[in-house]
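# What the coordinates show
Spelled out, the chains give:
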Amino acid sequence: MQHPRTLAEVQALIARHHKLRVIGTRHSFNAIADSAEALLMLDKFPTAMSIDEDRSTVTLAASVNYGELSQFLDSRGYALHNLASLPHISVAGAVNTATHGSGVHHRNLAAAVSALELVTANGEVKHLSREQDGDLFDGAVVSLGALGVITKLTLELLPTFAVTQSVYCNLPLTHLEPHFDAIMSSGYSVSLFTDWQHEAIDQVWLKRDVDDVGIATPPIDFFGAAPATTKMHPILGASAQNSTEQFGVPGPWHERLPHFRYDGTPSVGNELQTEYFVARADAVAALRAVTRLRHELAPYLYISEIRTIAADNLWLSPHYHRDSIGIHFTWKRDSIGVQALLPKIEAALAPFAPRPHWGKLFTLPPERVQAGYDRMAEFKQLCREYDPTGKFRNPFLDIALFG
């Protein structure tokens, strides 16, 4: 493992190795970050962050994670448009894999990027921006680490805002299906949690912008679901100690949009993960298809989460030109059982052209993965221009992108 401290050290390491991959906060569950030769981690980079008030942007080193960035921004009156379920992940890693939060109007986290600094295979430092590079920039943001080492990012900002979070239990499927869009549009961010074993959604996590709804008491009835009477963890029966504040108590955006506190262990802490994205218009049919596998899911699943993500223009984003839902699976650590189950889920979702999360487990063949991206051929060409010898490629990318 290499830990460069400066841009010059990154360039020297790239020159020294034939094969190189970058890892962030190690929140990927497949082989996307693996390398047979050299691994580079930017954890020793200075965690520099600076705000451009005229442009309402923040520029940060690739070593920064969302927890520290959020605290820095909020203390200065700024916010990001959204956050993932946990704030522990690195910004650069989340951008590279198109990681997301939830909200029918909110694009994934990479969509906030307006500029980036990238070191290519020949050691050249490239500065790309949406303003100067347009369509090319859209191709370079979600790059899976295939174009080079991202060392700096610039993100667009919003004014800081407050959010309330309320949890509801046992939303009947008979209410979910006819009202899916209304349910998912009822807050700034909405997440559904289910183990697929009942005729109901186990929990609804409703996050609302205080500027939009005020601090009024949350509704007693939410499409047939009842308010939780105790603080909840997404996995029924798990300790809610590390969950973010609930019961409609207002708090800063960065302490409510994630499900888990920055100072605690997220989710289970020892798990596997999978996620597929389908068009939001197909949401109800896709959820029905997965429900038919409930008995096969039961031995391996902790919980599933359903979220919404707005369409974007980033070439390799799973939400490219498609308002989407994400169907997420948090698995028990049974690699053999999960790997055997994934093809069945993928077959059930096949009519809806699923796109997998780049950083999580899937078994879709490369031709089906690549067919989901209209700009795949152009991205491959971009890879050849930035990395003609395949220095940043590994077996995962060789199969998923070039297989």
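Our structure's up above, just so we're on the same page.
Since we're looking at a predicted model, the values are computed, not measured.

## Some words on the overall build of the protein chain
Looking only at helices and strands, one finds 13 helices and 18 strands in the protein chain. In terms of overall dimensions, the protein chain is globule-like: its C-alpha atoms have a radius of gyration of 21 Å, near the 22 Å expected for 403 residues. Referenced to the eigenvectors of the C-alpha coordinate spread, the extents of the protein chain come out at roughly 60 × 50 × 35 Å. Per-residue burial for the protein chain yields a buried fraction of 59% across its 403 residues. Counting only contacts in the protein chain whose residues sit at least 6 apart along the sequence, the fraction spanning at least 24 positions is 71%. Accessible surface, the protein chain: about 15800 Å² in total, of which carbon and sulfur atoms supply 51%. Where the 34 positive side-chain charges of the protein chain centre and where its 43 negative ones centre are 5 Å apart.

## Examining the packing of aromatic side chains
This structure, assessed with the given rule, holds eight aromatic pairs. Between the aromatic rings of Phe161 and Tyr188, the centroid separation amounts to 5.2 Å while the plane-to-plane angle is 45 degrees, which identifies the pairing as tilted. Here Phe161, found in the loop between β9 (158-159) and β10 (162-172), pairs with Tyr188, found in the loop between α6 (180-184) and β11 (189-194); they are 27 residues apart in sequence, far enough to count as distant. Taking relative accessible area as the criterion, Phe161 reaches 9% and is therefore assigned buried. Between Phe329 and Trp331, the aromatic rings sit 5.1 Å apart at their centres with planes inclined by 5 degrees, giving stacked as the arrangement. Using a relative accessible area of 0% as the deciding quantity, one classes Trp331 as buried. One aromatic cluster is present, built from ring pairs that chain together Tyr168, Phe222 and Phe223.

## Description of unusual backbone geometry
Located in the positive-phi region is Ser56, a residue other than glycine, with phi close to 55 degrees. Taking relative accessible area as the criterion, Ser56 reaches 28% and is therefore assigned partly exposed. Despite not being glycine, Ala353 has its phi angle at roughly 50 degrees, a positive value. In this structure, Ala353 sits in the loop between α10 (335-349) and β18 (355-356). Owing to a relative accessible area of 45%, Ala353 belongs among the partly exposed residues under this scheme.

## A look at the sheet that holds strand β7 (residues 125-129)
On the basis of which strands lie adjacent, the open sheet formed by five strands has the order β3-β4-β8-β6-β7 and antiparallel pairing. Since the sheet does not close on itself, it has two edges, and those belong to β3 (49-52) and β7, each with one partner. On average, each strand axis in the sheet is tilted by 15 degrees relative to the strand beside it, whichever way the strands run. Alignment of β3 against strand β4 (residues 57-61), held across four bridges, turns out to be antiparallel. Within β4, the position partnered with Asp52 by the bridge is Thr57. Across the face of the sheet, helix α4 (residues 130-140) comes into contact with β6 (113-119), β7 and β8 (149-156) while running at roughly 105 degrees to β7.

## A short note on the packing of α4 against helix α12 (residues 376-386)
Where α4 contacts α12, the two axes come as close as 10 Å, and the packing angle between them is 90 degrees. In this view, α4 runs roughly perpendicular relative to α12, as classed from their interaxial angle. Mapping the contact onto sequence places Leu136, Gly139 and Ala140 in α4 and Phe379, Leu382 and Tyr386 in α12. Here the residues of the contact of α4 with α12 sort into five nonpolar, one polar and no charged.

## So, the nonpolar core
With 118 residues, the main nonpolar core has Leu192, Phe329, Trp331, Ile345 and Trp358 as its most contacted residues. With six residues, the single largest contributor to this core is α10. Those residues in contact with Phe329 that sit more than four places away from it in its chain are Trp196, Leu272, Gln273, Thr274, Tyr276, Val290, Leu297, Leu301, Ile303, Ser304 and Ile345. Core analysis: the next-biggest nonpolar cluster, separate from the first, contains eight residues, Val167, Ala228, Ile235 and Ile303 among them.

## Let's talk about α4
For α4, the full list of buried residues reads Phe137, Asp138, Gly139 and Ala140. Those residues of α4 hidden inside the fold are in contact with β6, β7 and α12.

## Digging into the environment of Tyr188
Judged by its relative accessible area of 13%, Tyr188 falls in the buried class. Taking the C-alpha atoms as reference points, Tyr188 and Lys380, separated by 192 residues in sequence, lie 36 Å from one another. Excluding anything up to four places from it in sequence, Tyr188 contacts His81, Ser102, Gly103, His106, Leu158, Phe161, Lys207, Arg208, Asp209 and Leu257.

What counts as what
Residues numbered from 1 in each chain as written. Predicted model: local features only at pLDDT ≥ 70, side-chain atom pairs only at ≥ 80, totals over all residues. Heavy atoms only, no water. Helix = DSSP H or I, 4+ residues; strand = E, 2+ residues; numbered from the N terminus. Rg over C-alpha atoms; globule rule 2.2 N^0.38 Å. Buried < 20%, exposed > 50% of the residue type's maximum accessible area, 1.4 Å probe, protein only. Contact = heavy atoms within 4.5 Å. Areas by Shrake-Rupley, 256 points an atom, 1.4 Å probe, with all protein chains shown as cover. Lys, Arg positive; Asp, Glu negative; His and termini not counted. Charge placed at Lys NZ, Arg CZ, Asp CG, Glu CD. Phe/Tyr/Trp six-rings, centres within 6.5 Å; stacked < 30°, edge-to-face > 60°. Pairing = 2+ DSSP bridges. Axes fitted to C-alpha atoms, helices over the stretch in contact; angles between N-to-C directions. Parallel < 35°, antiparallel > 145°, perpendicular 65-115°, else oblique. Nonpolar A, V, L, I, M, F, W, Y, C, P; charged D, E, K, R; others polar. Core = buried A, V, L, I, M, F, W, Y, C linked by side-chain atoms within 4.5 Å.

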